[in-house]
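# Fold and geometry: a report
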Amino acid sequence: MKSATPKVLHEICGRSLVGHVLAAAGELDPANLVVVVGHAREQVTAHLAEVAPDVRTAVQAEQNGTGHAVRMGLEELGGSVDGTVVVVCGDTPLLTGETLRRLSETHVADGNAVTVLTAEVPDATGYGRIVRDGSGAVTAIVEHKDASDEVRAIREINSGVFAFDGALLADALKKVRTDNSQGEEYLTDVLGILREAGHRVGASVAGDHREIAGINNRVQLSEARRILNDRLLTAAMLSGVTVVDPASTWVDVTVTFERDALVHPGTQLHGATHLGEGCEVGPNTRLTDTRVGAGARVDNTVAVGADVGPEASVGPFAYLRPGTRLARKGKIGTYVETKNASIGEGSKVPHLSYVGDATIGEYSNIGAASVFVNYDGQDKHHTTVGSHCRTGSDNMFVAPVTVGDGAYTAAGSVITKDVPPGSLAVARGQQRNIEGWVARKRPGSAAAKAAEAASRESAGED
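Residues numbered from 1 in each chain as written. Predicted model: local features only at pLDDT ≥ 70, side-chain atom pairs only at ≥ 80, totals over all residues. Heavy atoms only, no water.

## A short note on the overall build of the chain
Heads up, the rule is: Helix and strand assignments follow DSSP, with helices taken as H or I runs no shorter than four residues and strands as E runs no shorter than two, numbered in order from the N terminus. As a reference, a globule follows 2.2 Å times the number of residues to the power 0.38, and the radius of gyration itself is taken over C-alpha atoms. The buried label applies to any residue whose accessible area, calculated with a 1.4 Å probe on protein chains only, is under 20% of its type's maximum; exposed applies above 50%, and partly exposed to all values in between. Whether two residues touch is decided by their heavy atoms; if any such pair falls within 4.5 Å, the residues are in contact. The Shrake-Rupley method, run with a 1.4 Å probe sphere, supplies the accessible areas, and residue values consider only the shown protein chains as cover.
A count of helical and extended segments in the chain gives 10 helices and 38 strands. Taken over the C-alpha trace, the chain has a radius of gyration of 33 Å; the compact-globule value for 462 residues is 23 Å, which it surpasses by more than 25%. A buried classification covers 42% of the 462 residues belonging to the chain. The contacts of the chain with a sequence gap of at least 6 include a subset with a gap of at least 24, amounting to 35%. Carbon and sulfur atoms make up 49% of the accessible area of the chain, which totals about 22900 Å².

What follows is the structure in structure tokens.
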């Protein structure tokens, strides 16, 4: 990957690569779920503790091959396991729980000692080929470099994902040798050992060969992201969501939708974002951990940790920071930034304003170019604006301060004291006009000439 980040911690669609694999494996409801960690195990273990605290880890201190890794995993469970052991790779984010379930069910139904997950691919170059006998049992996995022309014509390949009989796997791993070019314990050698002992080796074919794709570079990471994103959007559209342009719309696996939500081009939906019934989002909108209520409209907006109520309106060009709560039929308009702000039903912050650490009641209107001055350089303070208030343009609300219900504030005011309910607050300097200042201080300037012409015109002179 050419990265300081371990490969399995690279993310697509809101989860790490190993996180996607854990989610698929978790759908089997396994009695034990073990992740074998080796390279950069401190980072990987810390990530697992955060996203999957119930998962057990086994340390492969020296990377001595895939067979050795599985042996370390079994040792974490006492050395042997009754029942089926499913082995998956940590860099296969497109693998689904459904495919793993079919693998496990086929393994049990066919009475196999081991069952290989395979796939039929358009071009098998470079992959190990699956060789079967007349009964369909797997007789060998032949690497491309060792294959004859006849074997190379086979398009069914090995995925590196297996289901084993737990007791037979533990016994066979003790017999795996390291007399190969890498000096490692290969898990694939277990298949030959079990077959020579008279046990059946079977296969389960994945429905979509792309599921088994491993990630080894940024190009493959990008390709997997596209495939998974298409999968998620297809599911959303089939559930009743309109996605105008899937090619420019990106979603995380944790995003949820209700029917008749409409998503415009250039939209990114991340984390625990939820779109309510009949809402409209985008274009060019990025929502993270944000709820959008039924019938709401969010246009050209960035929102993080916000809650947009039903039938509310946001944007264009708004920034909703964490803690923003916009109630039903509320409005956050153009070039407005909010943070830790509760804005009541029907209230509006239409233009060019900052509302931070504030509570605004119902059906109030905040004038254009207003700032809630919440930070004194050391501490944050709270501003409260009541219901049915009308605050003027270019107001500064210097917290802590309260504007009572039904109060008005004059344009250009700096509100530093509480405003009683129903009052008009005026907090600005007296205007003073200095006649002739431009002519005296800027003689000959364009402004002076314009002023002189205006004076002559008003006096009726030619």
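## Regarding the packing of helix 6 (residues 166-173) against helix 7 (residues 189-196)
To keep things clear, this is the line we draw: Lines fitted to C-alpha atoms define the axes here, with helix axes fitted over just the stretch in contact, and angles between the N-to-C directions of these axes take values from 0 to 180 degrees. Here the angle decides the label: under 35 degrees means roughly parallel, over 145 means roughly antiparallel, 65 to 115 means roughly perpendicular, and every other value means oblique. In this classification, Asp, Glu, Lys and Arg are treated as charged, Ala, Val, Leu, Ile, Met, Phe, Trp, Tyr, Cys and Pro as nonpolar, and every other residue, Gly included, as polar.
Interaxial distance between helix 6 and helix 7 falls to 10 Å at its minimum, and their mutual angle equals 105 degrees. On the basis of their axis angle, the class for helix 6 and helix 7 is roughly perpendicular. Taken together, the residues of helix 7 that come into contact with helix 6 (itself represented by L168, L169, A172 and L173) are V190, I193 and L194. In terms of residue class, the contact of helix 6 with helix 7 is made up of 7 nonpolar, no polar and no charged.

## So, the packing of helix 3 (residues 66-76) against helix 6
This is how the line gets drawn: Handedness of a crossing is defined here by the sense of rotation of the near helix relative to the far one, left-handed for an anticlockwise turn of less than a right angle and right-handed for a clockwise turn.
Direction vectors running N to C along helix 3 and helix 6 enclose 125 degrees, while the axes themselves pass 10 Å from each other. Overall, the two elements helix 3 and helix 6 adopt an arrangement that is oblique. In the packing of helix 3 onto helix 6, the handedness of the crossing is left-handed. Between helix 3 and helix 6, the residues in contact are G67, V70, R71 and L74 and L169, A170 and L173, respectively. Considering only residue class, the contact of helix 3 with helix 6 consists of 5 nonpolar, 1 polar and 1 charged.

## Brief notes about the packing of aromatic side chains
To be explicit about the condition: Ring geometry is summarised as follows: Phe, Tyr and Trp rings, the Trp one being its six-membered ring, pair when their centres sit within 6.5 Å, and such pairs are stacked at plane angles under 30 degrees, edge-to-face over 60 and tilted between the two. In this analysis the charged atom, NZ for Lys or CZ for Arg, is taken to sit over a ring once it is within 6 Å of the ring centre and within 35 degrees of the ring normal.
Inspection of the entire model under this criterion finds 3 aromatic pairs. Measuring from centroid to centroid gives 5.6 Å for F162 and F164, while their planes differ by 40 degrees, and the two rings are tilted. Looking at F164, the relative accessible area reads 0%, which means it is buried. Between the aromatic rings of F372 and F397, the centroid separation amounts to 4.9 Å while the plane-to-plane angle is 35 degrees, which identifies the pairing as tilted. Pair noted here: F372 is in strand 31 (residues 371-373) and F397 is in strand 34 (residues 396-398), with a separation of 25 residues, a long-range link. Given a relative accessible area of 0%, F372 falls into the buried group. Cation over ring: R226 sits above W250, and NZ or CZ is 4.3 Å from the ring centre.

## Description of helix 7
We count it as follows: Along the arc lie the directions from the helix axis toward the C-beta atoms.
Within the sequence span of helix 7, burial applies to V190, L191, I193 and L194. Buried residues of helix 7, viewed axially, fall in a sector of 165 degrees; they line one side. Where the residues of helix 7 are buried, they touch strand 6 (114-120), strand 8 (138-142), strand 9 (156-165), helix 6 and strand 10 (201-205). G198 lies just past helix 7 and shows a positive phi near 95 degrees.

## A closer look at the side chain of H68
Basically, it comes down to this: Between N or O atoms, a polar contact is any pair within 3.5 Å; within protein, one atom must be a potential hydrogen donor and the other a potential acceptor, and residues adjacent in sequence are included only when both atoms are from side chains.
Positionally, H68 belongs in helix 3. Looking at H68, its side chain comes within polar contact range of the side chain of Q60, at 2.9 Å. When sequence neighbours within four positions are dropped, the list of residues in contact with H68 reads Q60, E62 and E185.

## Some points on the pattern of salt bridges
Pairing between side chains of opposite charge can happen when the charged atoms of each approach one another. Rules: Note on definitions: salt bridges are taken to be side-chain nitrogens of Lys or Arg within 4 Å of carboxyl oxygens of Asp or Glu.
In total, this model carries 18 salt bridges according to the counting rule given. With its nearest N and O atoms 3.1 Å apart, the salt bridge here joins R177 to D179. Like D179, R177 is exposed. For E280, the salt bridge is made with R297, and the minimal N-O distance between the two is 3.7 Å. Of this pair, E280 sits in strand 17 (residues 280-281) while R297 sits in strand 20 (residues 297-298), and the two are 17 residues apart along the sequence. According to the relative accessible area criterion, R297 is partly exposed, its value standing at 25%. Within this structure, R71, E75 and E185 form a network of salt bridges that share partners.

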